[in-house]
Amino acid sequence: MPDLPPLPPLGPGAVDEFTRTIYGRTPPGGELAGLVLQSREDGVLDGTADRLRHRATITCPLGDLEFDTLLHLPTSGNARVVVILNFDGNDQTLTDWPYEKIIHAGYAVLTAQYGQIEPDDPNPPAPGVRGLFPSESWGAVAAWAWGLSRLLDIASTIDRIDPAGAMVIGHSRLGKAALWAGVQDERFALTVSNDSGCCGASLFRHPGGEDIEAITRRFPHWFVPSFAQYAGKEDELPVDQHQLLASIAPRRVYVCSAEDDAWADPVGEYLAVEAARPAFGADGIGYHLRPGGHALLEEDWMQALAF
């Protein structure tokens, strides 16, 4: 691995700079007002889990946000919980995620489709949660992070879920959101990013993969508008992503990378982990690099859960 480039030092104040420069300020508010059970299937996954579908209502200052959740809960005993947003709908996770192995590891899994929280569109046909607050100072990544915290609110109301030891995980752009959720919400004992890349776990100051010019041109709605002024000027940023990881300490962080995922810059992710390590101690931050490309695979789930 290459040597670390010159980086801003670890220390207080970084979260305020990330808020101002990249993600925006998540406004306070958003209360769980209703959770309606839509369906329940007991004994799925060869009898190891119960599958519950709910419709959640979150009251915000300018209106209510409603979205659908899918929960897999071990059939016996209390379980810790993983919260995660998905890309393609709750039902798609039934084939994409290794639910049986997650359940066997002692975790419940609660998920919702990310577009129901905030549309992934710079000019959405209908507003998401950002339109329900009297503030326009936060990007979509911060809105999805807000949604992850609301999932933990929901999980905390469900029998047989122990919210202590909660884990938040995200892949790609939702890995960026998971990290920002982990920074802001101290209830998450473990924060996991998978192939989160630029504005996630990868260093801006390591040249490789996606950069600020590319990400703000394609996805301007993910961040505060002023972030684009740093396109081609990564060295002028007041922060870098090792500080984001370190801001979660002393709670734990795990970063997953893939060898062939050049756009997410696995080397830059590894270097960020190493630069953040002094904030965590011996075993507070972990990393793996697996073969393959940009995907959330069973290996990523299992290594994160083992950590």
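(A) The overall build of the protein chain, seen in detail. Broken down by element type, the protein chain carries 10 helices and 9 strands. With respect to the three principal axes, the spread of C-alpha positions in the protein chain is 55 × 40 × 30 Å. Expressed as a percentage of its 307 residues, the buried residues of the protein chain come to 56%. At a minimum sequence separation of 6, the contacts of the protein chain that also span at least 24 residues come to 73%. Working note: accessible area of the protein chain is about 12,200 Å², and carbon and sulfur atoms make up 50% of it. Computed over 22 positive and 42 negative side-chain charges, the inter-centroid distance for the protein chain is 3 Å.

(B) Representation of the environment of Gly-34. Its location among the elements puts Gly-34 in strand S1 (residues 31–43). Measuring from C-alpha to C-alpha, the distance between Gly-34 and His-206 comes to 45 Å, with 172 residues separating the pair along the chain. If sequence neighbours within four positions are ignored, Gly-34 has contacts with Arg-55, Ala-56 and Thr-57.

(C) How the structure looks around the packing of helix H5 (residues 140–155) against helix H6 (residues 173–184). Relative to each other, H5 and H6 sit at 65°, their axes nearing to 8 Å. Crossing angle aside, the handedness with which H5 passes H6 is right-handed. For the pair formed by H5 and H6, the contact residues are Val-141, Ala-142, Trp-144, Ala-145 and Leu-148 on the first element and Arg-173, Leu-174, Lys-176, Ala-177, Ala-178, Trp-180, Ala-181 and Gln-184 on the second. When grouped by side-chain class, the residues that make up the contact of H5 with H6 number 10 nonpolar, 1 polar and 2 charged.

(D) Here's a closer look at the pairing of strand S6 (residues 166–171). Counting buried positions along S6 gives 6 out of 6 residues, so the element sits mostly inside the fold. The alternating pattern of S6 places Ala-166, Val-168 and Gly-170 on one face and Met-167, Ile-169 and His-171 on the opposite face, and all of these are buried. Where S6 meets strand S7 (residues 188–194), 6 bridges bridge the pair, whose relative direction is parallel. Within the sheet, the bridge partner assigned to Met-167 lies in S7 and is Leu-190. Handedness of the crossover joining S6 and S7 through H6: right-handed.

(E) How the structure looks around the layout of surface pockets. Quantified by volume, the largest pocket comes out at close to 210 Å³. Taken together, 14 residues form the lining of the largest pocket, with Phe-87, Asp-96, Trp-97, His-171 and Leu-296 sitting closest to its centre. For the lining of the largest pocket, the secondary structure elements donating two or more residues are strand S4 (80–86), helix H3 (93–96) and S6. Ranked by residues supplied to the lining of the largest pocket, first place goes to S4 with 3 residues. Residue classes in the lining of the largest pocket are distributed as 6 nonpolar, 6 polar and 2 charged.

(F) Seen up close, the nonpolar core. Trp-144 and Phe-227 are the most contacted members of the largest nonpolar core, which totals 77 residues. Examining the composition of this core, we find that 12 residues originate from one element, H5, more than from any other. The contacts of Phe-227, once residues within four sequence positions are left out, are Thr-21, Ile-22, Cys-199, Phe-204, Ile-212, Ile-215, Thr-216 and Leu-237. If you look at the next biggest cluster of nonpolar residues, it comprises 22 residues, including Met-167, Val-192, Tyr-254 and Trp-301.

(G) Up close: the pattern of salt bridges. Using the criterion set out here, one finds 19 salt bridges in the structure. Residue Glu-41 pairs with Arg-51 through a salt bridge whose shortest N-O separation is 3.7 Å. In this pair, Glu-41 sits in strand S1 while Arg-51 sits in strand S2 (residues 49–60), placing the two residues 10 residues apart along the sequence. Asp-91 is the partner of Arg-53 in a salt bridge, and the nearest nitrogen-oxygen pair spans 2.8 Å. With Arg-53 in strand S2 and Asp-91 in the loop between S4 and H3, this residue pair connects regions lying 38 residues apart in the sequence. According to the relative accessible area criterion, Asp-91 is partly exposed, its value standing at 49%. Overlapping salt bridges, with partners in common, bring together Arg-40, Asp-42, Asp-50 and Arg-160 in one network.

(H) Representation of the packing of aromatic side chains in the model. Throughout the structure, instances matching the rule amount to 15 aromatic pairs. With a centroid separation of 5.1 Å and an interplanar angle of 65°, the aromatic rings of Phe-87 and Tyr-114 are classed as edge-to-face. Taken together, the residues span a long stretch of sequence, with Phe-87 in the loop between S4 and H3 and Tyr-114 in the loop between strand S5 (107–113) and H5 at a distance of 27 residues. Under the relative-accessibility criterion, Tyr-114 is labelled buried at 10%. Here Trp-222 and Phe-223 contribute two aromatic rings whose centre-to-centre distance is 6.0 Å and whose plane-to-plane angle is 75°, an arrangement assigned as edge-to-face. Note on Phe-223: relative accessible area 3%, which makes it buried. An aromatic cluster is defined as three or more aromatic residues linked by ring pairs; in this entry it consists of Phe-87, Tyr-114, Trp-144, Phe-204, Phe-219, Trp-222, Phe-223 and Phe-227. In this arrangement the basic side chain of Arg-150 is found over the ring face of Trp-146, its NZ or CZ atom lying 5.2 Å from the centre.

Cut-offs applied
- Residues numbered from 1 in each chain as written.
- Predicted model: local features only at pLDDT ≥ 70, side-chain atom pairs only at ≥ 80, totals over all residues.
- Heavy atoms only, no water.
- Helix = DSSP H or I, 4+ residues; strand = E, 2+ residues; numbered from the N terminus.
- Buried < 20%, exposed > 50% of the residue type's maximum accessible area, 1.4 Å probe, protein only.
- Contact = heavy atoms within 4.5 Å.
- Areas by Shrake-Rupley, 256 points an atom, 1.4 Å probe, with all protein chains shown as cover.
- Lys, Arg positive; Asp, Glu negative; His and termini not counted.
- Charge placed at Lys NZ, Arg CZ, Asp CG, Glu CD.
- Axes fitted to C-alpha atoms, helices over the stretch in contact; angles between N-to-C directions.
- Left-handed = near helix turned anticlockwise from the far one by under 90°.
- Nonpolar A, V, L, I, M, F, W, Y, C, P; charged D, E, K, R; others polar.
- Pairing = 2+ DSSP bridges.
- Right-handed = clockwise from strand over helix to strand, strands pointing away.
- 1 Å grid on protein atoms, 1.4 Å probe; cavity = no way out; pocket = protein on both sides within 12 Å on 5 of 7 lines; lining within 4 Å.
- Points joined across faces, edges and corners; volume = space filled by probe spheres on them.
- Core = buried A, V, L, I, M, F, W, Y, C linked by side-chain atoms within 4.5 Å.
- Salt bridge = Lys/Arg side-chain N within 4 Å of Asp/Glu carboxyl O.
- Phe/Tyr/Trp six-rings, centres within 6.5 Å; stacked < 30°, edge-to-face > 60°.
- Lys NZ or Arg CZ within 6 Å of the ring centre and 35° of its normal.

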